[in-house]
2 protein chains.
Amino acid sequence: MPEHVATSDRTRLVREPQRAVYDRELIYKILDEGFVCHVGFTADGQTFVIPTMYARVGDALYFHGSAASRMLRGVSTGLNVCITVTLADGLVLARSVFNHSMNYRSAVALGNATIVDEAKEKLDALRAFTEKIMPGRWNDARQPNEKELRATSILRLPLTEISAKVRTGGVEDDAEDYALPVWAGVVPLRLVADAPLRDERCDPALPTPAYAADFRSREG
Amino acid sequence: MPEHVATSDRTRLVREPQRAVYDRELIYKILDEGFVCHVGFTADGQTFVIPTMYARVGDALYFHGSAASRMLRGVSTGLNVCITVTLADGLVLARSVFNHSMNYRSAVALGNATIVDEAKEKLDALRAFTEKIMPGRWNDARQPNEKELRATSILRLPLTEISAKVRTGGVEDDAEDYALPVWAGVVPLRLVADAPLRDERCDPALPTPAYAADFRSREG
């Protein structure tokens, strides 16, 4: 049985409720596939949205705070944030412009983010950032020393108030539009990687690791 | 001469100022390449970040309001928003985990968004949404009728307070780490399209248009 997340007025979808997902497992799958999130917060009366890297560890989402020093002001009591992860899956070309759409999966987490002070938890979060994208990289690379750990700002958001919105499938046209001689269909989208570019100072004798050579996407 | 955008306390980059871009032409290039933006706004004391489609027309950014009925409350006086567009260009694998990074281009626009009431302006915005991704689609598909136009919520944000942040190039390691026997380099990322999937109710005699068959990315 999928665990359904309790909805609140803030996470319940008003628009297009048929696209709503409140199944925790499905929401986590979206969070685990993406690696760039958009963090929204308000400072001095202005809303900011900043992209940063993140990883889920259990029922918490960890994200880099260094990208946004603004968000760290007064964060000891917790900073109200909205974190959104969006995966673009396809362009939906209907016969009418009005019914054009996009296939996508988008997860949203609301709550108070707090700074991670504990070295072990910070290290676990950094490992998760690395390993979710490039499994094996953590052990290959030089791991953070104490000074680097101190210089790294990581924030934690408990995944309590979460939801997702998903559109999949094909074209949906108005009944009378199906007779139009207009090509209709879906153009699938995918994030892929090209061949890795070796750093010029990297010994040519070092083999390219599989996680870099074969990286495509979380789906690929 | 590139036109430099005047910085404000709100758009000036505090962290990693060497990655800041205040050249309007470069910022517009980022906005024109992406097609999903993240709109941040605050309602009832909570910040929300919602993905939606958008297009730039001249010095304004138009975006779909239908994705977020919440943001339309009280919007007649303008809704304070932050709109961010992020393009992921590559994963940077340094010899140390601490120096791992990402190549990306991210544009941010701050300001007050207002609802577009005028039919002609709304139509122009919808055309821009379509044509920026699939040039030629607007004339192929059935264009919006009056009823559809009324049912469409479009918001306009003047592009006055804008900035961008860009990381390009290769690995940057600490001097002493270059001696480590660790593979280092960049894995380039790209959004691509797979072969279009024709709608099952689409006449097989209708040729697949070039904008769908050859769609890759704005760069590709």
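Residues numbered from 1 in each chain as written. Chains lettered and ligands numbered in written order. Predicted model: local features only at pLDDT ≥ 70, side-chain atom pairs only at ≥ 80, totals over all residues. Heavy atoms only, no water.

Asks: Looking at this structure, I do not really get the overall build of chain A. What am I missing?
Replies: Regarding its fold elements, chain A presents 5 helices and 10 strands. The buried share of chain A, taken over its 220 residues, is 55%. Taking the contacts inside chain A whose residues are at least 6 apart along the sequence as the reference set, 70% of them involve residues at least 24 apart. Total accessible area computed for chain A in this model is approximately 9,800 Å², and 52% of it derives from carbon and sulfur atoms. (Helix = DSSP H or I, 4+ residues; strand = E, 2+ residues; numbered from the N terminus. Buried < 20%, exposed > 50% of the residue type's maximum accessible area, 1.4 Å probe, protein only. Contact = heavy atoms within 4.5 Å. Areas by Shrake-Rupley, 256 points an atom, 1.4 Å probe, with all protein chains shown as cover.)

Asks: How should I be thinking about the pairing of strand β6 (residues 101-115) of chain A in this particular structure?
Replies: On any regular strand, side chains alternate: one points to one face of the sheet, the next to the other face. Residue and element names in this part refer to chain A. Taken across its 15 residues, β6 has 12 buried, putting it largely inside the fold. Pairing between strand β5 (residues 79-93) and β6: 13 bridges, direction antiparallel. Bridge assignment links Val 81 to a residue of β6, and that residue is Gly 111. Bridge count between β6 and strand β8 (residues 161-167): 7 bridges; the pairing is antiparallel. Within the sheet, the bridge partner assigned to Tyr 104 lies in β8 and is Arg 167. Pairing between β6 and strand β7 (residues 154-158): 2 bridges, direction antiparallel. By the bridge assignment, Thr 114 is partnered in β7 with Arg 156. (Pairing = 2+ DSSP bridges.)

Asks: Mind showing me how you'd approach the pattern of salt bridges here?
Replies: Between side chains of opposite charge, a pair can form when the charged atoms approach closely. All names here are of chain A. For the structure on display, the rule yields 28 salt bridges over all chains. Note that Asp 124 is salt-bridged to Lys 120, the shortest N-O span being 2.8 Å. In this pair, Asp 124 and Lys 120 are both assigned in helix α2 (residues 119-133), 4 residues apart and thus about one turn of the helix distant. Using a relative accessible area of 24% as the deciding quantity, one classes Asp 124 as partly exposed. (Salt bridge = Lys/Arg side-chain N within 4 Å of Asp/Glu carboxyl O.)

Asks: Any chance you could explain the interface of chain B and chain A here in plain terms?
Replies: Much of the literature gives interface size as the accessible area that the parts lose upon coming together. Taken together, the 88 residues of chain B in the interface contact 88 residues of chain A. For the chain B and chain A pair, buried surface summed over both sides reaches about 7,300 Å², with 61% attributable to carbon and sulfur atoms. For chain B, the biggest contributors to the area lost against chain A are Val97(B), Arg142(B) and Trp183(B); these three give 11% of the whole. The interface formed by chain B and chain A holds 8 salt bridges in total. For the salt bridge of Asp194(B) with Arg190(A), the shortest nitrogen-to-oxygen distance reads 2.8 Å. (Buried area = accessible area lost by both parts, 1.4 Å probe.)

Asks: Can you help me understand the packing of aromatic side chains in this one?
Replies: We describe a pair of aromatic rings using the distance from one ring centre to the other and the angle between the two ring planes. Per the stated rule, a full pass over the model turns up 2 aromatic pairs over all chains. In this arrangement the basic side chain of Arg201(A) is found over the ring face of Tyr178(B), its NZ or CZ atom lying 3.5 Å from the centre. (Phe/Tyr/Trp six-rings, centres within 6.5 Å; stacked < 30°, edge-to-face > 60°. Lys NZ or Arg CZ within 6 Å of the ring centre and 35° of its normal.)

Asks: Would you mind going over the nonpolar core with me for this structure?
Replies: Across soluble globular proteins, nonpolar side chains show a tendency to be buried alongside one another. Membership of the largest hydrophobic core comes to 62 residues, with the highest contact counts inside it found for Leu31(A), Phe63(A), Leu31(B) and Phe63(B). If you look at the next biggest cluster of nonpolar residues, it comprises 17 residues, including Tyr104(A), Trp183(A), Phe35(B) and Val36(B). (Core = buried A, V, L, I, M, F, W, Y, C linked by side-chain atoms within 4.5 Å.)

Asks: How should the relation of the copies chain B and chain A be read in this particular structure?
Replies: Look at the two chain copies: a rotation about an axis and a shift along it is all it takes to match them. Rotating chain B by 180° and moving it 0.0 Å along the rotation axis overlays it on chain A with an RMSD of 0.0 Å. Taken together, these values place the two copies in the relation of a two-fold axis. Among all residues of chain B, the one whose C-alpha sits closest to the rotation axis is Leu191(B), at a distance of 2.2 Å. A share of 100% of interface residues in chain B that are also interface residues in chain A marks the association as one of identical surfaces. (Least-squares fit on C-alpha atoms with pLDDT ≥ 70 in both.)

Asks: Can you help me understand α2(A) in this one?
Replies: Three or four residues apart is the spacing at which side chains of an α-helix point the same way, because the helix has 3.6 residues per turn. Residues and elements named next belong to chain A. Helix length check: α2, at 15 residues, gives a terminal C-alpha distance of 22 Å against a target of 21 Å (1.5 Å per residue), a fit within 8%. Along α2, the residues classified as buried are Glu 121, Lys 122, Ala 125, Leu 126, Ala 128, Phe 129, Thr 130, Lys 132 and Ile 133. The N-terminus of α2 is capped by Glu 118, whose side-chain oxygen sits 3.3 Å from the backbone nitrogen of Lys 120. (Expected span 1.5 Å × (residues − 1). Polar contact = N/O pair within 3.5 Å; in protein donor to acceptor, adjacent residues only side chain to side chain.)

Asks: Just to check I follow, could you spell out the pairing of strand β3 (residues 46-57) of chain B for this structure?
Replies: All names here are of chain B. Across the 12 residues that make up β3, a large majority, 9, are buried. Where strand β2 (residues 36-43) lies against β3, 8 bridges are found, and the strand directions are antiparallel. If you follow His 38 over to β3, its bridge partner there is Pro 51. Hairpin geometry of β2 and β3 is characterised by an intervening segment of 2 residues between the two adjacent antiparallel strands and by a positive phi of about 50° at Asp 44. In this structure, β3 lies alongside strand β4 (residues 60-64), joined through 4 bridges in antiparallel fashion. Each bridged residue has a counterpart across the sheet, and for Ala 55 the counterpart in β4 is Tyr 62.

Asks: How should I be thinking about unusual backbone geometry in this particular structure?
Replies: One non-glycine residue, Asp44(A), lies in positive phi territory at about 55°. Following the sequence through the fold, Asp44(A) ends up in the loop between β2 (36-43) and β3 (46-57).

Asks: Looking at this model, I keep getting lost on the side chain of Asp177(B). Mind explaining?
Replies: Mapped onto the elements of the fold, Asp177(B) is located in the loop between β8 (161-167) and β9 (185-193). The exposure class of Asp177(B) is buried, given its relative accessible area of 4%.

Interpretation note: all reported values are geometric properties and have no functional meaning in isolation.
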